[in-house]
Amino acid sequence: MDITVVIVNYRVKLFLEQTLRSVEEATQGLDAEVIVVDNNSGDDSIDFVRQRFPQVTFIENTDNVGFARANNQAVMRAAGLFTLILNPDTIISRPCIEQCIEWMRGHERCGAIGVRMVDGNGVFLPESKRAFPTPWVSFCKIFGLSALFPRSRWFARYHLRYLDDRQPHRIDILAGAFMLCRTTLLQQVGGFDEDFFMYGEDIDLSYRMVLAGYENWFLPVEIIHYKGESTKKDSMRYVRVFYEAMLIFYRKHYPRMGVVFYPIVKLGVLVRASMAALKRLLKWPKRRAGGAHAAHARWVVLSDDPARVATAAGISTYGTSLPADGAASVLIDDGTHDYDAIIGIIASGSRKGLDFHIWSHRNQLIISPKMQQS
């Protein structure tokens, strides 16, 4: 078998369905299997997608066992030559899979590949390429030096911002949202470390694959990653859980640094948590002011039948081409655009003032980066 695609779901059924549609498109012509592990979402996620994707294998957990363990449940039974670890809030394309597999086959020491991720509005996500969080790299990240000097090879190694994100690079860390791995290597190193529950497991896995003698690569082929809309990145809980994951990583891989570094990390957690609380406080009135689709009065509908889509979406006034300037909400019809085209439109249209949404013609609703799902 060519490829196994592994997706862990937790309460994002509409995003998951969209991801599975893109996987279906991306793996046409390949001998592929798709395994979805549901972490006890407690909703109708699996029933919702099972009837739409009967070819998919589903594993239904009775508890939320975390990202690492859930992935391992599928990884250890993967039959593909390659295994793609994929988030349920992503959109991928056939050229993406083709280029990654071609690169892997042409570079025998390449163990895993990450790609150029953009968010739902086409903005490049810096976590697409990162360096190992050595004590110095982590210090610069925690205390803001990497933000102050974003292009510095000395201060900004965490996100490797000085590397051109339009060129391939050998890097250290791949994002768990998209990791195309050699299945034998992934199984050889034991998959993800289950001591990590939600964050840090991709860093640890990337580190162990390099220790095993392989290389991690970043390729500038684009995917959309909504970046976990169910996870509030500016929340105090996120900051605490993320940096606790960093402490697990240090206890495992830098045990002699504990006496010096652990207190620094804990101080960093306190500082960042306080900043997160302040940020949320300042943003609160803005969040209360409008809904998911109330950002702009001007709409653009990209479809072969824009009138039909606009009527179904409840949009009365709209244009049919991207504006040269100004703000607009852009609705792309997935019934007339394949996912490769959708990714291209969003990635090339990333500028201030444009908000992108996808019209799901199968479900007759808008998939938005900011939508809330139960």
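Refer to the structure presented above.
Here's a quick rundown of the structure. Please read these numbers as outputs of a predicted model, since none were measured by experiment. (Residues numbered from 1 in each chain as written. Predicted model: local features only at pLDDT ≥ 70, side-chain atom pairs only at ≥ 80, totals over all residues. Heavy atoms only, no water.)

1. Quick word on the pairing of strand E2 (residues 32–38)
Put simply, the test is: Partly exposed describes any residue whose relative accessible area lies between the buried limit of under 20% and the exposed limit of over 50%, with all areas from a 1.4 Å probe on protein chains only and scaled to the type maximum. Going along the chain from the N terminus, every DSSP run of H or I of four or more residues is numbered as a helix, and every run of E of two or more is numbered as a strand. The rule for pairing is simple: two strands pair if DSSP sees at least two bridges between them. The handedness of a crossover follows from its direction of travel: if, with the strands pointing away from the viewer, the path from the first strand over the helix to the second runs clockwise, the crossover is right-handed.
Within E2, six of the seven residues are buried, leaving the element largely enclosed by the surrounding structure. Direction of pairing for strand E1 (residues 3–9) relative to E2: parallel, over a ladder of seven bridges. Within E2, the position partnered with Val5 by the bridge is Val34. In this fold, E1 hands off to helix H1 (residues 13–26), which returns the chain to E2; that crossover is right-handed. Sheet analysis places E2 next to strand E3 (residues 57–60), joined by four bridges and oriented parallel. Opposite Val37, over in E3, you have Ile59 as the bridge partner. A crossover links E2 with its parallel partner E3, the connecting element being helix H2 (residues 45–50), and its sense is right-handed.

2. Side note on the state of the cysteines
Among covalent bonds in proteins, the disulfide is the one between the sulfur atoms of two cysteines. The following threshold applies: In this description, a disulfide is simply a cysteine sulfur pair whose atoms lie within 2.5 Å.
Inspection of the entire model under this criterion finds zero disulfides. Looking at the unpaired Cys181, the closest cysteine sulfur is the one in Cys110, lying at 9.2 Å.

3. Digging into the pattern of salt bridges
The condition that has to hold: When a carboxyl oxygen of Asp or Glu is within 4 Å of a side-chain nitrogen of Lys or Arg, the pair counts as a salt bridge.
Applying the stated criterion across every chain, the model contains 17 salt bridges. When the shortest N-O distance is used, the salt bridge between Asp172 and Arg157 registers 3.9 Å. Here Asp172, found in the loop between strand E7 (169–171) and strand E8 (178–182), pairs with Arg157, found in the loop between helix H6 (145–148) and E7; they are 15 residues apart in sequence, far enough to count as distant. Members of the salt-bridge network, linked through shared partners, are Glu17, Arg21, Glu24 and Arg52.

4. What to know about helix H12 (residues 339–348)
So the rule is basically this: By the criterion applied in these results, polar contacts are pairs of N or O atoms within 3.5 Å in which, for protein atoms, one can donate a hydrogen and the other can accept it, and in which residues neighboring in sequence qualify only through two side-chain atoms.
Buried within H12 we find Tyr339, Ile342, Ile343, Ile345, Ile346 and Ala347. Where H12 begins, one side-chain oxygen reaches toward the backbone nitrogen of Asp340, 3.3 Å away; that side chain belongs to Asp338.

5. Comments concerning a nonpolar patch on the surface
The following threshold applies: For patches, a residue must show more than 30% relative accessible area and have no salt bridge; joins then use 9 Å for like charges and 5 Å for nonpolar side chains, namely Val, Leu, Ile, Met, Phe, Trp and Tyr. The method behind every accessible area is Shrake-Rupley, applied with a 1.4 Å probe, and residues are considered shielded solely by the protein chains displayed.
Nonpolar side chains collect at one region of the surface, where Trp136, Phe139, Phe143, Trp154, Leu267, Leu270, Val271 and Met275 lie side by side and expose about 760 Å² of accessible area between them. With four residues, the top contributor of residues to the nonpolar patch is helix H10 (residues 258–289). Residue placement: Phe139 occurs in helix H5 (residues 135–142). Taking relative accessible area as the criterion, Phe139 reaches 30% and is therefore assigned partly exposed.

6. Digging into unusual backbone geometry
In terms of backbone geometry, most residues other than glycine have negative phi values and most peptide bonds are trans. Unlike most non-glycine residues, Asn40 shows phi in positive territory, near 55°. Relative to the assigned elements, Asn40 resides in the loop between E2 and H2.

7. Concerning the packing of aromatic side chains
Stated precisely, the cut-off is as follows: Note on aromatic pairs: the rings of Phe, Tyr and Trp (six-membered ring only in Trp) are paired at centre separations within 6.5 Å, and the planes decide the class, stacked below 30 degrees, edge-to-face beyond 60, tilted for the rest.
Scanning all chains against the criterion turns up seven aromatic pairs. Seen from their ring centres, Phe15 and Tyr226 are 4.8 Å apart, and the 35° between their planes marks the pair as tilted. On the criterion of sequence distance, the pair formed by Phe15 in helix H1 and Tyr226 in the loop between strand E9 (215–225) and helix H9 (236–253) is long-range, its members being 211 residues apart. Residue Phe15 shares its accessibility class with Tyr226, and that shared class is buried. Ring centres of Phe67 and Phe192 lie 5.5 Å apart, and the angle between their planes is 70°; this geometry places the pair in the edge-to-face category. Of this pair, Phe67 sits in helix H3 (residues 67–75) while Phe192 sits in the loop between helix H7 (183–188) and helix H8 (201–211), placing them 125 residues apart in sequence. Classification of Phe192 as buried rests on a relative accessible area of 2%.

8. Details of H1
Convention followed: To estimate how far a helix should reach, multiply one less than its number of residues by 1.5 Å.
For H1, spanning 14 residues, the distance from its first C-alpha to its last is 20 Å, which sits close to the expected 20 Å at 1.5 Å a residue. The element H1 is largely enclosed, with a buried count of twelve among its 14 residues. The set of residues buried in H1 consists of Lys13, Leu14, Phe15, Leu16, Glu17, Gln18, Thr19, Leu20, Arg21, Ser22, Val23 and Ala26.

9. Digging into the sheet that holds strand E11 (residues 318–319)
This is how it is decided: Contacts between residues were defined by any pair of non-hydrogen atoms, one from each residue, lying within 4.5 Å. For helices, the fitted axis covers only the stretch in contact; all axes are lines through C-alpha atoms, and the angles between them, taken along N-to-C directions, range from 0 to 180 degrees.
With mixed pairing, five strands are arranged side by side in an open sheet as E11-E10-E12-E13-E14. Here the strands that pair on one side only, and so sit at the sheet edges, are E11 and strand E14 (365–367). Bridge count between strand E13 (residues 354–360) and E14: three bridges; the pairing is antiparallel. Paired with Trp359 across the two strands is Ile366, which belongs to E14. Lying over the sheet, H1 contacts E13 and E14, oriented at roughly 80° with respect to E14.

10. Focus: the environment of Tyr318
Structurally, the position occupied by Tyr318 is in strand E11. A residue is classified by how much of its surface remains accessible, and Tyr318, at 30% relative accessible area, is partly exposed. Tyr318 has contacts with Trp299, Val301, Pro306, Ala307 and Ala310, leaving out every residue within four places of it along the chain.

11. So, the nonpolar core
Here is a general trend for soluble globular proteins: nonpolar side chains tend to be buried in one another's company. For clarity, the cut-off: We call a set of buried residues a nonpolar core when its members are Ala, Val, Leu, Ile, Met, Phe, Trp, Tyr or Cys and they connect through side-chain atoms within 4.5 Å of each other.
Judged by nonpolar contacts, the single largest core of 59 residues is most densely connected at Leu20, Val36, Leu84, Ile92, Cys100, Phe178 and Leu180. Ignoring any residue separated from it by four or fewer positions in sequence, one finds Phe178 in contact with Leu84, Ile85, Leu86, Ile92, Cys96, Cys100, Ile113, Gly114, Val115 and Ile223.

It is worth stressing that arrangement in space is one thing and function is another; only the former is reported here.
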